[in-house]
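Read off the chains here:
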Amino acid sequence: MIREDFVAHLPALLRIERACFARPQWGADHFLRDLPGKWELSALLMEHGAVAGFVVASEVVAGSCHLHRMAVLPEMQGRGLGGAAVRALERRAAARGLRMVTLELDAEHGDTEPFYRRLGYLLLQAAERETYAKAKGKALRPDRRIMSASIRSGDT
Ligand SMILES: CC(C)(COP(=O)(O)OP(=O)(O)OC[C@H]1O[C@@H](n2cnc3c(N)ncnc32)[C@H](O)[C@@H]1OP(=O)(O)O)[C@@H](O)C(=O)NCCC(=O)NCCS
């Protein structure tokens, strides 16, 4: 059960958060908060028996998978773990019948846009942003970039 894994590895998750973000924002409550589909979609990224990263996603908007946060320990970055984790998330989402993965980048994630672009993610344009904000039921900060990719049940 993934929630129990998150509880068991909470100190490692908090350590990764501090190591990966200039302004670490996520505390225990963020990692452990229940959201629709979260425990089926999220994952710990394990390397040599230790937690090297995490992906937290949920179905906060019905019919699509939202990637809330992901990170890989700095010393483990650039080895394909992050890319593989996104692909694995897409497979889990497709298995649940979801059609799309969305994610939000703010200034703090400035240079990760190319990482997601390479995986096929595109920035939402004005009209799509409005649809997204409505579906999420909240206003979007203007500096917040939203990216999305379509997924199909046959995606691997
Ligand atoms: C984004 C992240 C999860 C990618 O994980 P990863 O395991 O390094 O990803 P991969 O090894 O699959 O892909 C690495 C590629 O993406 C690019 N990339 C990844 N992060 C990047 C960054 N912060 N800036 C620029 N390029 C980046 C690299 O150029 C690399 O390309 P290369 O293989 O040609 O060198 C990781 O860099 C990370 O944890 N960053 C800090 C936290 C963060 O910003 N998370 C995303 C927002 S929630």
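The structure under discussion appears in the preceding block.
A brief structural summary. Worth saying up front: this structure is predicted, and the values here are computed from it rather than measured. (Residues numbered from 1 in each chain as written. Predicted model: local features only at pLDDT ≥ 70, side-chain atom pairs only at ≥ 80, totals over all residues.)

A short note on the site of the ligand
For the ligand, the set of nearby residues contains 18 residues, the closest of which are A71, Q77, G82, G83 and D111. Those elements that provide at least two residues to the shell around the ligand are β3 (65–72), α5 (81–95) and α6 (113–118). Element by element, the count of residues in the shell around the ligand is highest for β3, at four residues. Looking at the shell around the ligand residue by residue, the classes come out as eight nonpolar, seven polar and three charged. (Near = placed C-beta within 6 Å. Helix = DSSP H or I, 4+ residues; strand = E, 2+ residues; numbered from the N terminus. Nonpolar A, V, L, I, M, F, W, Y, C, P; charged D, E, K, R; others polar.)

Details of unusual backbone geometry
The phi torsion of most residues other than glycine is negative, and most of the peptide bonds are trans. With a phi close to 50 degrees, H48 is a non-glycine residue in the positive phi region. Mapped onto the elements of the fold, H48 is located in the loop between β1 (43–47) and β2 (50–58).

Quick look at the sheet that holds strand β4 (residues 100–105)
In space, the six strands of this open sheet follow the order β1-β2-β3-β4-β6-β5, with mixed pairing throughout. The outermost strands of the open sheet, each flanked by one partner alone, are β1 and β5 (122–123). Across two bridges, the pairing between β5 and strand β6 (residues 145–150) is antiparallel. Counterpart to L122 in the pairing with β6 is S148. Across the sheet, helix α2 (residues 10–20) lies against β2 and β3, angled at about 85 degrees from β2, the strand it touches most. Contacting β1, β2, β3 and β4, α5 runs over the sheet at an angle of about 155 degrees to β3. (Pairing = 2+ DSSP bridges. Contact = placed C-beta atoms within 7 Å. Axes fitted to C-alpha atoms, helices over the stretch in contact; angles between N-to-C directions.)

So, the environment of H68
Here H68 shows up in strand β3. Judged by C-beta crowding, with 18 C-beta atoms within 10 Å, H68 ranks as partly exposed. Each residue touching H68, except ones within four places of it in the same chain, is listed here: V56, A57 and S58. (Buried ≥ 20, exposed ≤ 12 C-beta atoms within 10 Å, placed from the backbone.)

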